[in-house]
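Here's the letter readout for the chains.
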Amino acid sequence: MATKPQTAIILGTGLGRLADEIVIEQEIPYSEIPNFPQSTVEGHSGKLLLGKLGGKDVLAMQGRFHFYEGYSMREVTFPVRVMYELGIQTLFVSNAAGGTNPSFSVGDIMIITDHINFFPEHPLRGKNFPTGPRFPDMHEAYDKNLIALADTIAQEKGIKVQHGVYLGTQGPTFETPAEYRMFARLGADAVGMSTIPEVIVANHCGIKVFGVSIITDLGGFDNPVEVSHEEVQVAANKVQPLMTDIMREMIKRS
Ligand code: HPA
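These notes cover the structure that comes with them. Residue positions are counted from 1 within each chain, in the order its sequence is given. Note on the predicted model: pLDDT of at least 70 is required for a residue's local features to be given, and 80 or more for side-chain atom pairs to be given and counted; whole-chain, interface and lining totals, by contrast, use all residues. As a rule here, side-chain values come from all non-hydrogen atoms in the structure, and water together with hydrogens is ignored.

This part covers the overall build of the protein. For helices the rule is a DSSP run of H or I covering at least 4 residues; for strands it is a run of E covering at least 2, with both sets numbered from the N terminus onward. Scanning the protein from N- to C-terminus turns up 5 helices and 9 strands. Start at the N end of the protein and walk to the C end: the helices and strands fall as β-β-β-β-α-β-β-α-β-α-β-α-β-α. What you see for the protein is a C-alpha radius of gyration of 17 Å, in line with the 18 Å of a compact globule of 254 residues. Counting only C-alpha atoms, the protein reaches 55 × 45 × 40 Å along its principal axes. Buried positions account for 50% of the 254 residues belonging to the protein. About 11900 Å² of surface is accessible on the protein, with carbon and sulfur atoms providing 51% of the total. Taken over C-alpha atoms, the radius of gyration is set against a globule rule of 2.2 Å times the number of residues to the power 0.38. Relative accessibility thresholds used throughout: buried, under 20% of the residue-type maximum; exposed, over 50%; partly exposed, between the two (1.4 Å probe, protein chains only). For accessible areas, the Shrake-Rupley method is used with a probe of radius 1.4 Å. Any residue's cover is judged against the shown protein chains and nothing else.

With that out of the way, let us pick up the pairing of strand S7 (residues 161-168). Of all 8 residues making up S7, 6 are buried, and the element is well covered by its neighbours. We treat two strands as partners when DSSP finds at least two bridges between them. Inspection of the sheet shows S7 paired to strand S8 (residues 190-192) by 3 bridges, in the parallel sense. Paired with tyrosine 166 across the two strands is alanine 190, which belongs to S8. Seen with its strands pointing away from the viewer, a crossover is right-handed when the path leading from the first strand over the helix to the second is clockwise. Crossover S7 to S8 through helix H3 (residues 177-186) is right-handed.

A word on the site of the ligand. Whether a residue is near a molecule or strand depends on its heavy atoms: it is near if one of them lies within 4 Å of it. Close to the ligand lie Ala96, Ala97, Gly98, Phe174, Glu175, Tyr180, Val191, Gly192, Met193, Thr216, Asp217 and Val232. Two N or O atoms count as a polar contact when they lie within 3.5 Å, although within protein this holds only if one can serve as hydrogen donor and the other as acceptor, and sequence-adjacent residues are included solely when both atoms are side-chain atoms. Between the ligand and the protein, one listed contact pairs a nitrogen atom with a backbone N or O atom of glycine 98 at 3.3 Å. Within the complex, 96% of the 260 Å² of free accessible area of the ligand lies under protein. Grid points spaced at 1 Å over the protein atoms alone were grouped into cavities, where a 1.4 Å probe fits but cannot get out, and pockets, open sets with protein on both sides within 12 Å along at least five of seven lines, with lining residues defined by an atom within 4 Å of a point. More than half of a molecule's atoms within 2 Å of the grid points is what it takes for that molecule to sit in a cavity or pocket. Placement of the ligand is best described as lying within the largest pocket. Examining the composition of the shell around the ligand, we find that 3 residues originate from one element, strand S5 (residues 90-99), more than from any other. Here the nonpolar group is Ala, Val, Leu, Ile, Met, Phe, Trp, Tyr, Cys and Pro; Asp, Glu, Lys and Arg are the charged ones; every other residue, Gly included, is treated as polar. Grouping the constituent residues of the shell around the ligand by class yields 7 nonpolar, 3 polar and 2 charged.

Here we come to the packing of aromatic side chains. We call Phe, Tyr and Trp rings a pair once their centres come within 6.5 Å, taking the six-membered ring for Trp, and we label the pair stacked below 30 degrees between planes, edge-to-face above 60, and tilted otherwise. In this structure the tally under the stated criterion is 8 aromatic pairs. Measuring from ring centre to ring centre gives 5.5 Å for tyrosine 30 and phenylalanine 65, while their planes differ by 45°; the resulting arrangement is tilted. Residue tyrosine 30 is located in the loop between strand S2 (23-29) and strand S3 (47-53), and its partner phenylalanine 65 is located in the loop between strand S4 (56-62) and helix H1 (73-86); the two are separated by 35 residues in the primary sequence. When the ring of phenylalanine 36 is compared with that of phenylalanine 78, the centres are 6.0 Å apart and the planes differ by 80°; the resulting orientation is edge-to-face. Linking phenylalanine 36 in the loop between S2 and S3 with phenylalanine 78 in helix H1, this pair joins segments that are 42 residues apart in sequence. Taking the relative accessible area as the measure of exposure, phenylalanine 78 reaches 24% and is therefore partly exposed. Three or more aromatic residues joined by ring pairs form one cluster here, namely Tyr30, Phe36, Phe65, Tyr71 and Phe78. Throughout this description, the term charge over a ring refers to an Arg CZ or Lys NZ atom that lies within 6 Å of the ring centre and within 35 degrees of the ring normal. One Lys or Arg, arginine 81, reaches over the ring of phenylalanine 129 and ends 3.8 Å from the middle of that ring.

Quick look at the structure:
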């Protein structure tokens, strides 16, 4: 294989279009990778893309697995184990999330500085993998240097970014107003249904992580508003070009 990537990207909501910018050298359908989870949604079979982005070799996951779909934590995080085996050193992830910080607006980009794991099962439960210790440290789950780099790039490009704590819950329901308020009180700035399992396993493998949330709706304030999947998609799509711009530049410079 000509491509020997050290950088991986999970193309979550808000980063899908980044795939169009990858000069693809190889595409591997998930169905051809032994033990890889299979997407159950027809027409969304999912694949690994290998190629060049910002002059760097990258591996991108097109299609990710959510716990709410019924996959086990082992399945949700298996792709990160594969990344480790391939020699990946840095992982970029994105997601859509509901803002619980009253100073946020829909369409904000939130750089994830830390997380609160509210998933009902831990991705490292069970026999410990020898990639990391039984009781892994999590004091810097999101790499500080990558956060600083993102801030620099955002400032250069005049893109406003927020910083905050991402709280991950299993879904698939969006939160009730009372749940949004509870999560805000617990210290969350945004809440979503993904990312944390992959980030924990990446840390356990010694892979540095950079994560962003696109704030697609706001919850828990005085007037409860309805949240829909469509609304989340529309808000995320609007911010895609800015997100793509920051990520491309980060990959080039990191
Ligand atoms: N909650 C959970 N997941 C989400 C939300 C939310 O409000 N918005 C987008 N993904």
